[in-house]
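Overview (structure and organization)
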Amino acid sequence: MTRHASPPSTAAPPVEPVPGAESGTGSRSYLRRLGGRELPLAVVFLAPAVLGLGLFVIFPLFPAVFLATRGSDIIGSPTRYVGLRHFAELLTPEFGQVLWHTLAFTLIVVVAGVLLPLALAVPLSQRLPGMRVFRSLFTLPFAYSASAAAVVWLLMVDPGTSPINWVLRLVGIAAPGWTTDSNWALVTVAGVTVWMVSGFNLLVLSAGLAGLDEEVLEAATLDGSAGVRHFLSVVLPMISPSVFFVVVTTTLTALQSLGQPQVMTDGGPNGSTSTLVYSIFNQAFHNNNSNYGLASAQGLVLLIIGVLLAAVQFGVIERRVHYR
Amino acid sequence: MSKLNRPSAATSTLTYVWLAVAAVVLLFPVLLTLVGGFLPSSALLRQPPDLIGGYTLDSYLDAIRQVAVPLFPAFLNSLFVGVTIMVAHLVTSALAAYALVFLRTPLKTPLFLLILATIMVPYEAIVVPNSLFVRSLGFGDSRFSLVLPFLASGFGVFLLRQAFRQFPGELKDAATIDGCGHLRFLFTILLPGCRPAIAALTVWSFLQGWNMYFWPLIVSTTNDSLNTLQTAVFALRSNESAAPGLLLAGITITLVPTLLLVVFGQRWLVRGFTAGAVK
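Every value quoted in this text rests on a predicted model; they were computed, and no experiment measured them. Starting afresh in each chain, residues are numbered from 1 along the sequence in its written order. Here every chain gets a letter starting at A, and every ligand a number starting at 1, in the order they are written. A pLDDT threshold of at least 70 governs which residues receive local features in this predicted model, and a stricter bar of 80 or more applies before side-chain atom pairs are shown or counted, although totals over entire chains, interfaces and linings include all residues. The side-chain numbers reported here are obtained from all heavy atoms of the structure, hydrogens and water having been left aside.

What about the overall build of chain A?
Worth spelling out the cut-off: Comment: elements are numbered from the N terminus, with helices defined as DSSP H or I runs of at least four residues and strands as E runs of at least two. Partly exposed describes any residue whose relative accessible area lies between the buried limit of under 20% and the exposed limit of over 50%, with all areas from a 1.4 Å probe on protein chains only and scaled to the type maximum. It only takes one pair of heavy atoms within 4.5 Å for two residues to be counted as in contact. Here the open area of atoms and residues is found with the Shrake-Rupley method and a 1.4 Å probe, where only the protein chains shown may cover a residue.
Helix and strand counts for chain A come out as 15 helices and two strands. Within chain A, buried positions represent 50% of all 324 residues. Summarising the internal contacts of chain A: among those between residues at least 6 apart in sequence, 63% fall at separations of at least 24. A total accessible area of about 15,400 Å² is found for chain A, and carbon and sulfur atoms account for 66% of it.

Set out below in structure tokens:
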């Protein structure tokens, strides 16, 4: 049974520590024999996580498909089979608008939400007094929930009290209707999201910059590398894992934002801030709409976007990102 | 000496100017939140809001006294959601990661890939079937409906599996030979040894739970008593939009634990969180 002759195979485990530890092979086979009792333990250990994720993440994908092919009665119970009707509704200009808003919103949030913290993290990485205090202060927006940020920013842009409008008036600029002008509302809502993500992104980018290899930086500087070129061709490639991490998490945060458009503009004006997640909320839960079929179909679109992003993420992480 | 180490006078002046401008713009909303709660609404309804002088506790008292959106039950709900999700993520993730790393588990790779795959499912995509499911389970009116879909986390399993794999195998072997059982090894040696990852998951999970918005919004539409502080903030805004002092006092209450965590817990968060991604 045992290939190595060491510890005697008894039913009960040996009371004393196995003396064969120094040989290596003896302890290994002892460990292997313990393995027989591991299966029940493994099942018990894995059950909570697998059940939790299985019941509430994987299993719901099936009813999501089911619901997407059914009509809904007035309280939302699924009714007869409607085939691909809800998916056909996704091919209308209205849903095209929703996708366009989602794309524009996500692009603004990712580009500005990464560049702004980067423009703060790089000067903050210098050895100057006060940098740690500044860095801690800049991370504070990270503490805000979507609804808290949205309500505070509503006060920031309220035409009656807005300190922003007051400053703009001082320099002679007429402020736009931040949340009431359909050309501006999406930009405003995206701007608030940029503010919300800037804190966490600054933390990650600062950690990346702090981990840079000083010797490489010094060598580059001695070779005459300086300024913008130094940053673009030496520093940026070296922190590309942090930048990439931040781009991915910010994209997901932007795609999943509900509180900002729902609290600030309720998808309006004229649907101009209706993003994909807002639209799911709106169809299914807003004003007792209970249009679960269409909302589920839109949810599947979001799922496909999420999976595609993950695929891109794995593809890029393998090839483009510089690891030491 | 490298430029990074000793910036010139011009560079440091420019740095301070830029950081000061950015701080004014980015931190004004934070200042408005924290100071505004101590101001009467009349001072906040001016343009620009008058943040200096006349501090009072009236807005806090009004926020606590008003009965349209009771904040104390909402606080208890938020605390329940934050703590439950935090503890549940830690327990379910640690046990699963342990089985995936240290136990001879059949189907190890497919199970891990399945758990990993759940990370890329945005929960908004399945929020409709989940809300119908939780309602059909009869949890509709209990606090548990606020947390039920979020007790396990694919990301948590992934994070702890990474940490456990870096734990020295010889220490595990030595512990086993000394007769240390799996549970004792997990709780007395492994978890304390993986403190950065545990701390990061703890902070992250609590923040997730406390700041969660979409799900509590759905659950509380049918039952006001399930408002969390986050949905209460939205309800307050609909009821009390003419009283910014009260709104900001309410928001400050929701911010207390998260501000503390962000200020004092950020080092753990970054260290544990980005260990895999940022190296």
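Quick look at the interface of chain B and chain A
The test is simple: A simple way to read buried area is as the amount of 1.4 Å-probe accessible surface that goes missing from two parts once joined, with both sides added. When a carboxyl oxygen of Asp or Glu is within 4 Å of a side-chain nitrogen of Lys or Arg, the pair counts as a salt bridge. Counted as a polar contact is a pair of N or O atoms within 3.5 Å, where, for protein atoms, one must be capable of donating a hydrogen and the other of accepting one, and residues adjacent in sequence contribute only when both atoms are in side chains.
On the chain A side, the residues contacting the 99 residues of chain B number 103 residues. Taking both partners together, chain B and chain A bury about 9,000 Å²; carbon and sulfur atoms supply 76% of that area. Our count for the contact surface shared by chain B and chain A stands at zero salt bridges. Counting the contacts that link chain B with chain A gives 14 residue pairs in polar contact (both at pLDDT 80 or more). Here the side of chain B that touches chain A takes 16 residues from helix 1 (residues 9–36) of chain B, the largest share from any one element.

Looking at the environment of Leu-146 of chain B
Turning to its location among the elements, Leu-146 of chain B is positioned in helix 7 (residues 144–147). Linking Leu-146 of chain B and Val-81 of chain B, residues 65 residues apart in sequence, is a C-alpha distance of 6.8 Å.

Considerations on the pattern of salt bridges
Any two side chains of opposite charge can pair, on the condition that their charged atoms come close. Residues and elements named next belong to chain B. Overall, the coordinates contain two salt bridges over all chains when judged by the stated rule. Note that Asp-50 is salt-bridged to Arg-46, the shortest N-O span being 3.0 Å. With relative accessibility at 44%, the residue Arg-46 sits in the partly exposed group. Across the pair Asp-62 and Arg-65 runs a salt bridge whose closest N-O atoms are separated by 3.8 Å. Remark: Arg-65 and Asp-62 occur in helix 3 (residues 58–65); sequence separation between them is three residues, near one turn of the helix. Given a relative accessible area of 57%, Arg-65 falls into the exposed group.

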